[in-house]
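# Secondary and tertiary structure notes
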Amino acid sequence: LADRVVGRYHELWKTLAITHDDFIRTTDPRHAAGVCAIIRRIDAAGDIYTAGHQGWYCASCESFYTEKEIGEARLCPTHERPVEWHEEENLFFRLSAYQQRLLDWYHAHPECIRPESRYNEVVSFVESGLRDLSISRVSLKWGIPFPDHPGHIVYVWLDALTNYLSALGFGSDDTAKVDEFWPASVHLVGKDILRFHCVYWPAFLMSAGLPLPRQVFGHGWWLSDDKKMSKSLGNV
């Protein structure tokens, strides 16, 4: 399925006359090397531990939500689908230890998140308190095996976000492109993945001792019947 979908993206870029220097998949061996490299840095910083984990989970988002976020109907706030109660033993990242460092970064670099409404949204979220983040799954076969922890698969967002670096050769012997192109000038992302790019990603980078992107721009959605135009919702 993934191979078929990726082929459609390659054809789409040609149809839209979009040119690009590189196209990376998170199934590429060069990407797996980058993920293992950043995890080993984070582990060396003492920011990974094992604990039980439970909560309301949306499979489409691959993310956990609080009771407040899902409401009485227990629906994913993005996909409007029922969330599921999920329990397992995972590896955790000490996200809570980076709450003040993140706030200091936001305040010192207010241009790091644009537009201003998204900046305010992220700052408010972090000020409300951060909990440590589950960064592995044991119920999946698809994904990158977690280094030194048999049976664990790397959490999709720690995996996927690292492609910004692995595409440049991070984790290999040739890091010339990392030196040339990192930190990124801007990440252009949809507003529904703002938290992953503006909270989790900079915290991972801080832990790994790597520079942070200069800016994340969170754009809005194309709407269909006043709802996000989404493959998951099926309203395209």
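Everything below is about the structure printed above this text.
Here goes a summary of the coordinates provided. Note that the structure is predicted; figures quoted are calculated from it, not measured.

Basis of the calculations
Residues numbered from 1 in each chain as written. Predicted model: local features only at pLDDT ≥ 70, side-chain atom pairs only at ≥ 80, totals over all residues. Heavy atoms only, no water. Helix = DSSP H or I, 4+ residues; strand = E, 2+ residues; numbered from the N terminus. Rg over C-alpha atoms; globule rule 2.2 N^0.38 Å. Buried < 20%, exposed > 50% of the residue type's maximum accessible area, 1.4 Å probe, protein only. Contact = heavy atoms within 4.5 Å. Areas by Shrake-Rupley, 256 points an atom, 1.4 Å probe, with all protein chains shown as cover. Lys, Arg positive; Asp, Glu negative; His and termini not counted. Charge placed at Lys NZ, Arg CZ, Asp CG, Glu CD. Salt bridge = Lys/Arg side-chain N within 4 Å of Asp/Glu carboxyl O. Axes fitted to C-alpha atoms, helices over the stretch in contact; angles between N-to-C directions. Parallel < 35°, antiparallel > 145°, perpendicular 65-115°, else oblique. Left-handed = near helix turned anticlockwise from the far one by under 90°. Nonpolar A, V, L, I, M, F, W, Y, C, P; charged D, E, K, R; others polar. Pairing = 2+ DSSP bridges. Phe/Tyr/Trp six-rings, centres within 6.5 Å; stacked < 30°, edge-to-face > 60°. Core = buried A, V, L, I, M, F, W, Y, C linked by side-chain atoms within 4.5 Å.

## A word on the overall build of the chain
- When helices and strands are tallied, the chain shows 9 helices and 11 strands.
- Expected size for 236 residues packed as a compact globule is a radius of gyration near 18 Å; at 18 Å, the chain falls within 12% of this value.
- If one aligns the C-alpha atoms of the chain with their principal axes, the spans along those axes are about 50 × 45 × 40 Å.
- Going through the 236 residues of the chain one by one, you find that 41% of them count as buried.
- Pairs at least 24 apart in sequence give 66% of the contacts found in the chain among residues at least 6 apart.
- Summed over all atoms, the accessible surface of the chain reaches about 13300 Å², with 52% contributed by carbon and sulfur.
- Averaging the locations of the 24 positively and 31 negatively charged side chains of the chain gives two centres separated by 3 Å.

## With respect to the pattern of salt bridges
- By the definition in use, this model includes 9 salt bridges.
- In this structure, the salt-bridge partner of aspartate 3 is arginine 25, at a minimum N-O distance of 3.0 Å. Residue aspartate 3 is found in helix α1 (residues 2–15), and its partner arginine 25 is found in the loop between α1 and α2 (29–44); the two are separated by 22 residues along the sequence.
- Glutamate 11 is the partner of lysine 14 in a salt bridge, and the nearest nitrogen-oxygen pair spans 3.6 Å. One end of the pair, lysine 14, and the other, glutamate 11, are both in helix α1, 3 residues apart, so they sit about a helical turn from each other.
- Looking at glutamate 11, the relative accessible area reads 46%, which means it is partly exposed.

## Notes on the packing of helix α5 (residues 116–127) against helix α9 (residues 194–208)
- The contact between α5 and α9 brings their axes to 11 Å, and the two run at 55°. As the angle between them shows, α5 and α9 are arranged oblique. Here α5 and α9 pass one another in a crossing that is right-handed. On α9, the residues that touch Arg118, Glu121, Val122, Phe125 and Val126 of α5 are Leu194, Arg195, Cys198 and Val199.
- Looking at the contact of α5 with α9 residue by residue, the classes come out as 6 nonpolar, no polar and 3 charged.

## Describing the sheet that holds strand β1 (residues 48–58)
- The 4 strands are arranged β2-β1-β3-β5 in an open sheet whose pairing can be described as antiparallel. Both outer strands of the open sheet, β2 (63–65) and β5 (133–134), are each paired with one neighbouring strand and no more.
- The pairing of β1 with β2 spans 3 bridges and is classified as antiparallel. Within β2, the position partnered with cysteine 58 by the bridge is serine 63.
- Relative to the sheet, α9 contacts β2, β3 (84–93) and β5, its axis offset from that of β3 by approximately 30°.

## A closer look at the packing of aromatic side chains
- This model, assessed by the stated rule, comprises 10 aromatic pairs.
- With 5.1 Å between their ring centres and 75° between their planes, tryptophan 56 and tryptophan 85 make a pair best called edge-to-face. One end of the pair, tryptophan 56, is in strand β1; the other, tryptophan 85, is in strand β3, with 29 residues separating them in the sequence.
- Owing to a relative accessible area of 13%, tryptophan 56 belongs among the buried residues under this scheme.
- Through successive ring pairs, a cluster of aromatic residues spans Phe93, Tyr98 and Phe204.

## Points about the nonpolar core
- In this structure, Ile38, Leu102, Tyr106, Ile135, Val199 and Phe204 are the most contacted members of the largest nonpolar core, which totals 50 residues.
- At the level of elements, α2, β3, α4 (99–108), α5, α6 (156–161) and α9 are the ones that each hand at least two residues to this core.
- For this core, the element with the highest residue contribution is α9, accounting for 11 residues.
- Cys58, Cys61, Cys76 and Val83 belong to the second-largest nonpolar core, a separate cluster that totals 7 residues.

## Notes on the pairing of β3
- Where β1 and β3 come together, 10 bridges link them in antiparallel fashion. The partner of isoleucine 48 across the bridge, within β3, is phenylalanine 93.
- Across 2 bridges, β3 lies against β5 in antiparallel orientation. Each bridged residue has a counterpart across the sheet, and for phenylalanine 93 the counterpart in β5 is leucine 133.

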